[in-house]
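Examination of the molecular architecture
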Amino acid sequence: MIIYPKIALFVDKIQIYSRPLRDAHGLIGMAMSITHLGTGSRGNSTLVEAGGVCVLLDQGFSGRQLEKRLGRMNLLPTDIDCIMISHHHGDHGGGAAIAQKKWGIQILANERTAMELNLDPMKTTYFGSLDLIKIGDDLSILTVPVPHSGADNVAFVANYRGERAAVITDLGSWTDELVKHVHNCQHISIEANYDEDLLNNGPYPFSLKERIRSRGGHLSNKQTGEFLAEVCTENTRSIVLTHLSEKNNSPHLAESTILYHIGDFFSGDIDISLQDGPEKTHFVNGKGDLHQNVVTIKSKSEK
Ligand SMILES: [Zn+2]
Ligand SMILES: [Zn+2]
């Protein structure tokens, strides 16, 4: 485990002003919602809505795909207030520049990520490690560095009126700093990338297997279970497992391995986000009662 040097909390504050509220349904405004538009090696993006503000965490989809996925939630790309990019890998940031060009959306990223993605500096806001980014009146998002090969990757911890949700992906190991900020979050989305046996016995070349397993690679189901055992508390109401490898994992292996580690004390919901979404919206509210507020998003054709 890498221990980063201690950095003062909340080094900097960045204010992003929200656009007019989206009046989708009554729960928005009372709660923060988390919706994965899709996760995996072919593209990642997660919508966070709170207090009328719409933020995307990562934009790894083409412009057309983003439009289509947001459309299933009756949203347009122009409804998005800003996009925060975790790191420069194509499945997380590959669609950032197109979002700037096509819709003029403000992108937030650290310098390395912005440089690698060739972002337009006029439409880019730079953040550093452990910056607290305030968006609108009540939402703030903390950027927590995580180890991931060849990238300055960050996890996001969103805070809305005191309730917190973490979105963590693409890391080979974790730090005490990450544990500190994710501990006791009401919602945790985290990658469960591979099953160790499937990866070891699978078709990938040895060097790629080594890279995935390394300290800067991805988390196995077992590692994700161990991490969750450190950070989950009775306040944790929902977990979404993301970024599952299509070759080296399966939903039932991921879920059963994680439950092995936390099943004794975690009684909330576990869901899995795969490549095609959005599928579900998780609401994080101040009451700690999430079950009644979990809403399944249906496509327009299903409605
Ligand atoms: Zn990725
Ligand atoms: Zn990556």
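These numbers were taken from a predicted model, which means no experiment stands behind them. (Residues numbered from 1 in each chain as written. Chains lettered and ligands numbered in written order. Predicted model: local features only at pLDDT ≥ 70, side-chain atom pairs only at ≥ 80, totals over all residues.)

Now for the overall build of the chain. Summing up its helical and strand segments, the chain has 9 helices and 16 strands in all. Sorting the 303 residues of the chain into buried and exposed places 50% on the buried side. Of all intrachain contacts in the chain linking residues separated by at least 6 positions in sequence, the fraction that spans at least 24 positions is 66%. (Helix = DSSP H or I, 4+ residues; strand = E, 2+ residues; numbered from the N terminus. Buried ≥ 20, exposed ≤ 12 C-beta atoms within 10 Å, placed from the backbone. Contact = placed C-beta atoms within 7 Å.)

A word on the packing of helix α8 (residues 221–231) against helix α9 (residues 251–262). At a minimum axis distance of 8 Å, the contact between α8 and α9 shows a crossing angle of 35°. Helix-helix and strand crossings are classified by hand; for α8 and α9 the assignment is right-handed. For the pair α8 and α9, the contacting residues are Asn221, Lys222, Thr224, Gly225, Glu226, Leu228 and Ala229 in the first and Leu253, Ala254, Thr257, Ile258, Tyr260, His261 and Ile262 in the second. (Axes fitted to C-alpha atoms, helices over the stretch in contact; angles between N-to-C directions. Left-handed = near helix turned anticlockwise from the far one by under 90°.)

Within the secondary structure, Ser33 sits in strand β2 (residues 32–38). Distance in space between the C-alpha atoms of Ser33 and Leu47 is 7.8 Å, their sequence separation being 14 residues.

So, about the nonpolar core. Counting residues in each nonpolar core, the largest one holds 74 residues, and the members touching the most others are Ile83 and Ala155. Ranked by residue count, the leading element in this core is strand β10 (residues 151–160), at 6 residues. Setting aside its immediate chain neighbours within four residues, Ala155 contacts Val144, Val146, Ala166, Val167, Ile168 and Leu178. (Core = buried A, V, L, I, M, F, W, Y, C linked by C-beta atoms within 7 Å.)

Quick look at the environment of His36 now. Inspection of the secondary structure puts His36 in strand β2. The buried category is assigned to His36, around which 28 C-beta atoms lie within 10 Å. Taking C-alpha positions, His36 is 9.1 Å from Val240, a pair spaced 204 residues apart along the chain. Residues contacting His36, with those up to four places away along its chain left out, are Thr46, Ser189, Val240, Thr242, Ser273, Gly277 and Pro278.

Let us look at helix α1 (residues 63–71). Every buried residue of α1 is accounted for by Leu66, Arg69 and Leu70. Buried residues of α1, viewed axially, fall in a sector of 95°; they line one side. For α1, the elements touching its buried residues are β2, β3 (45–50) and α3 (96–103). (Arc of directions from axis to C-beta.)

What follows concerns the environment of His89. Tracing the sequence through the fold places His89 in the loop between β5 (82–84) and α2 (90–93). The exposure class of His89 is buried, given the 22 C-beta atoms found within 10 Å. For His89, the residues in contact, after removing those within four places along its chain, are Ala151 and Asp170.

It is worth spelling out unusual backbone geometry at this point. In this structure, Pro278 follows Gly277 across a cis peptide bond, with omega equal to 0°. A positive phi angle, near 60°, is found at Asn74, a position not held by glycine. Among the structural elements, Asn74 can be located in the loop between α1 and β5. Take Asn74: there are 12 C-beta atoms within 10 Å of it, and that puts it in the exposed class. Backbone geometry at His243 places phi at a positive 55°, although glycine is not the residue there.

Attention now goes to α8. The complete set of buried residues in α8 reads Asn221, Gln223, Thr224, Gly225, Phe227, Leu228 and Val231. The secondary structure elements touched by the buried residues of α8 are α5 (176–182), β12 (187–191), β13 (238–242) and α9.

Further remarks concern the pairing of β3. Burial runs high along β3: 6 of the 6 residues are buried. Direction of pairing for β2 relative to β3: antiparallel, over a ladder of 5 bridges. When the sheet's bridge partners are listed, Ile34 is paired in β3 with Val48. The pairing of β3 with strand β4 (residues 53–57) spans 5 bridges and is classified as antiparallel. Residue Glu49 lies in a different strand from β4, and its bridge partner there is Cys54. What sits between β3 and β4 in their antiparallel hairpin is a turn of 2 residues, with Gly51 showing a positive phi close to 55°. (Pairing = 2+ DSSP bridges.)

Here the focus is the confidence of the model for the chain. Detailed reading of the predicted model is not advised wherever pLDDT is low. The predicted model of the chain averages 86 in pLDDT, with 84% of residues at 70 or higher. Within the model, pLDDT remains below 50 along residues 1–22, and this stretch shows 43 contacts once partners closer than five positions in the same chain are excluded. Below a pLDDT of 50 lies the segment residues 287–303, which in the model reaches 29 contacts outside its immediate sequence neighbourhood of four places, other chains included. (pLDDT = per-residue confidence, 0-100.)

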